[in-house]
Amino acid sequence: MSPYVLIADALVAMIWAELLEKRSVMKKMTVKRSVSSTRVFVRERITVTYRIVNESGKTIEVICIPSTGLPNASKREIKLRLEPHKPIEEVLSGQYYTRGKKWIGSATFYYEGPFGFFGIWKSCAFEEEILVFPYFEEVVFEKEVLRLLLPGRKTAYRLLEDATKVRNTREYVDEPLNRMNWKLSARYGKLMTKDFETTALGRVHLVVDMNMPEGVVVNDAWKHMRERYEEQVVSGAGSVLKELKKTGTAVRLSIIGEQIWEADYPGTEFVLYLESLVRANGVEKPTVRAAEVLTRYAHRASLDETIVFIAMHLTENEIPLLLRLRARCAKVIVWLMPYGYRPCAYHRSRSYEMPHPEAAKVLEYAKTLEENRIIVKFFLDNDALQEVIDRVP
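Residues numbered from 1 in each chain as written. Predicted model: local features only at pLDDT ≥ 70, side-chain atom pairs only at ≥ 80, totals over all residues. Heavy atoms only, no water.

**Student:** So what about the overall build of the protein chain? Which residues, and what values?
**Tutor:** Broken down by element type, the protein chain carries eight helices and 18 strands. Considering only intrachain contacts with a sequence separation of at least 6, the fraction spanning at least 24 residues in the protein chain is 71%. Carbon and sulfur atoms form 54% of the exposed surface of the protein chain, whose accessible area is close to 20800 Å². (Helix = DSSP H or I, 4+ residues; strand = E, 2+ residues; numbered from the N terminus. Contact = heavy atoms within 4.5 Å. Areas by Shrake-Rupley, 256 points an atom, 1.4 Å probe, with all protein chains shown as cover.)

Structural data, given as structure tokens:
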């Protein structure tokens, strides 16, 4: 037998032995991963820590590709020398640029055999879900009708008096004795009585439509507008929600997107509302339209409820439903923001945004709605959120 054949057989045997040995080592390698936080804001750094242990009795050198789903990761590839039973920790960081549900992805380990004859891959899957929140502006929203008989903000409706807030004093006519202001009565030599402020809380139903408007020709321009609108409507609706829940206002949140999301939490809880907004997403060709959802809500509206409807566009189908809602509730506010809005941190600048042809129809619808005491506000790209809120009577 030729010596070259023997050398080749020995080389093949060595390669197979190396393959089987390193394969066994890779199988006994354990990987754990921890994340600094599963709730972060856009552009906030997130830290990921890997702990790798070689549970076999052999040393191995591998290349680690730590993440496939973390943008701007500080480390793309890591060369590791794993000695037996000696743990190694590797830390990397990254940040997300858009809001929503994110996954860091799996970690991959690669061993290259001698002379590149073979390679062994090991993939470790992890299921952490990262929720990325947009930044929410601080706004003042006091546009809801106050009719709930609970201590809250001052209202013109004389439903509930707050004995801790005196509006004025006047001469006694025919009032209960607990209204008497005895100190002023002694000073002026005649009976004086107290008038208290009337307070109440409101109830708000916030309806957010994230989908492409009905009747619009779906093209690249409208897709881009819808994606930008979706990012900003989450931030805008979240800002209003946060402000409302500070005062304990009862809020029912309805999101129309790829599916219908409903949220209703008591007290001052607002983080769960924001999570619902962040998890939601709209589509270009929805299976459920805003008109269908508004039809369901029409019979559930109450006379102490303020409805805030936020959409990218308005069609003829929504007009009669909004009129029906107005007849059943205290107040209806419609916000239309096809171009998004200007963040409060930016100064007003010259705008080159051209109104789309469908905007003329929207303005005609707005006149019809305003004649029926429905408040319609159209956002331009140079309008700040608080500026539009202040225009609502």
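**Student:** Explain the sheet that holds strand β3 (residues 46-54) residue by residue, including any values.
**Tutor:** Here three strands make up an open sheet; going across it, the order is β1-β3-β6 and the pairing antiparallel. A strand with exactly one partner marks an edge of an open sheet, and here the two such strands are β1 (29-35) and β6 (88-94). Within the sheet, the average angular offset between the axes of one strand and its neighbour, ignoring direction, is 20°. Bridge count for β1 against β3 is seven bridges, and the pairing is antiparallel. Each residue of the ladder has a partner; that of T30, found in β3, is V53. (Pairing = 2+ DSSP bridges. Axes fitted to C-alpha atoms, helices over the stretch in contact; angles between N-to-C directions.)

**Student:** I'd love a proper account of the pattern of salt bridges, names of residues and values included.
**Tutor:** Under the definition given, this model contains 18 salt bridges. One salt bridge connects R279 with E129, and the closest N-O pair in it is separated by 2.8 Å. Of this pair, R279 sits in helix α4 (residues 271-279) while E129 is found in strand β10 (residues 129-133), placing the two residues 150 residues apart along the sequence. Classification of R279 by relative accessible area gives partly exposed; the value is 27%. Residue classification places E129 among the partly exposed residues on the basis of a relative accessible area of 24%. Put simply, R252 and E305 hold a salt bridge, and the shortest N to O gap is 3.2 Å. In this pair, R252 sits in strand β14 (residues 250-256) while E305 sits in strand β16 (residues 305-311), placing the two residues 53 residues apart along the sequence. According to the relative accessible area criterion, E305 is buried, its value standing at 3%. (Salt bridge = Lys/Arg side-chain N within 4 Å of Asp/Glu carboxyl O. Buried < 20%, exposed > 50% of the residue type's maximum accessible area, 1.4 Å probe, protein only.)

**Student:** An account of the side chain of E243 is requested, with residue identities and associated values reported.
**Tutor:** Counting through the fold element by element, E243 comes out in helix α3 (residues 220-246). Looking at E243, the relative accessible area reads 14%, which means it is buried. Apart from residues lying up to four places away in sequence, E243 is in contact with V139, V140 and F141.

**Student:** Before we move on, could you go through the packing of α3 against α4 and cite the residues and values that matter?
**Tutor:** Packing of α3 against α4 leaves a shortest axis separation of 10 Å and a crossing angle of 170°. Taken together, the axes of α3 and α4 lie roughly antiparallel to each other. Residues V234, A237, G238, L241 and K245 of α3 pack against Y273, L274 and L277 of α4. Considered class by class, the residues forming the contact of α3 with α4 number six nonpolar, one polar and one charged. (Parallel < 35°, antiparallel > 145°, perpendicular 65-115°, else oblique. Nonpolar A, V, L, I, M, F, W, Y, C, P; charged D, E, K, R; others polar.)

**Student:** Explain the state of the cysteines to me, using residue names and the numbers behind them.
**Tutor:** For the structure on display, the rule yields zero disulfides. Among the cysteines around C64, which has no disulfide bond, C124 carries the closest sulfur, lying 8.5 Å off. (Disulfide = S-S within 2.5 Å.)

**Student:** Could you give an account of the packing of helix α5 (residues 290-298) against helix α6 (residues 318-328), with specific residues and numbers?
**Tutor:** At their nearest, the axes of α5 and α6 sit 10 Å apart, and the two run at 20° to each other. Considering the angle they form, α5 stands roughly parallel to α6. In this structure, α5 meets α6 at a crossing whose hand is left-handed. Within the contact between the two elements, α5 uses A290, A291, L294, T295, Y297 and A298 and α6 uses E318, L321, L322, R324, L325 and R328. Across the contact of α5 with α6, the residue classes tally to eight nonpolar, one polar and three charged. (Left-handed = near helix turned anticlockwise from the far one by under 90°.)

**Student:** Describe the pairing of β14, listing the residues and the values that go with them.
**Tutor:** Of all seven residues in β14, six are buried; the element is thus mostly enclosed. In the sheet, β14 pairs with strand β15 (residues 260-263) via four bridges, with the strands oriented antiparallel. Each bridged residue has a counterpart across the sheet, and for S254 the counterpart in β15 is E262. Turn length for the β14-β15 hairpin, with the two strands adjacent in sequence and antiparallel, is three residues.

**Student:** So what's going on with the pairing of β16? Residues and values would help.
**Tutor:** Counted residue by residue, β16 has seven buried out of seven residues, so it is predominantly covered. Burial along β16 is two-sided: E305, I307, F309 and A311 facing one way and T306, V308 and I310 facing the other are all buried. Assessed by its sense of winding, the connection that carries the chain from β16 through α6 to strand β17 (residues 331-336) is right-handed. (Right-handed = clockwise from strand over helix to strand, strands pointing away.)

**Student:** So what's going on with the packing of aromatic side chains? Residues and values would help.
**Tutor:** By convention here, two paired aromatic rings are described through the distance between centres and the angle between planes. Taken as a whole and judged by the stated rule, the model has 10 aromatic pairs. Taking 6.2 Å as the distance between ring centres and 55° as the angle between the ring planes, the aromatic pair formed by F41 and F133 counts as tilted. With F41 in strand β2 (residues 39-41) and F133 in strand β10, this pair connects stretches of sequence that are 92 residues apart. Of the residues examined, F41 reaches a relative accessible area of 34% and is grouped as partly exposed. The exposure class assigned to F133 is buried, which follows from its relative accessible area of 7%. (Phe/Tyr/Trp six-rings, centres within 6.5 Å; stacked < 30°, edge-to-face > 60°.)

**Student:** Give me the nonpolar core: which residues, what numbers.
**Tutor:** Ranked by size, the top nonpolar core spans 44 residues in total, and within it L253, L277, I310 and W335 carry the most contacts. Membership of the second largest hydrophobic core comes to 32 residues, among which are I15, V42, I60 and A73. (Core = buried A, V, L, I, M, F, W, Y, C linked by side-chain atoms within 4.5 Å.)

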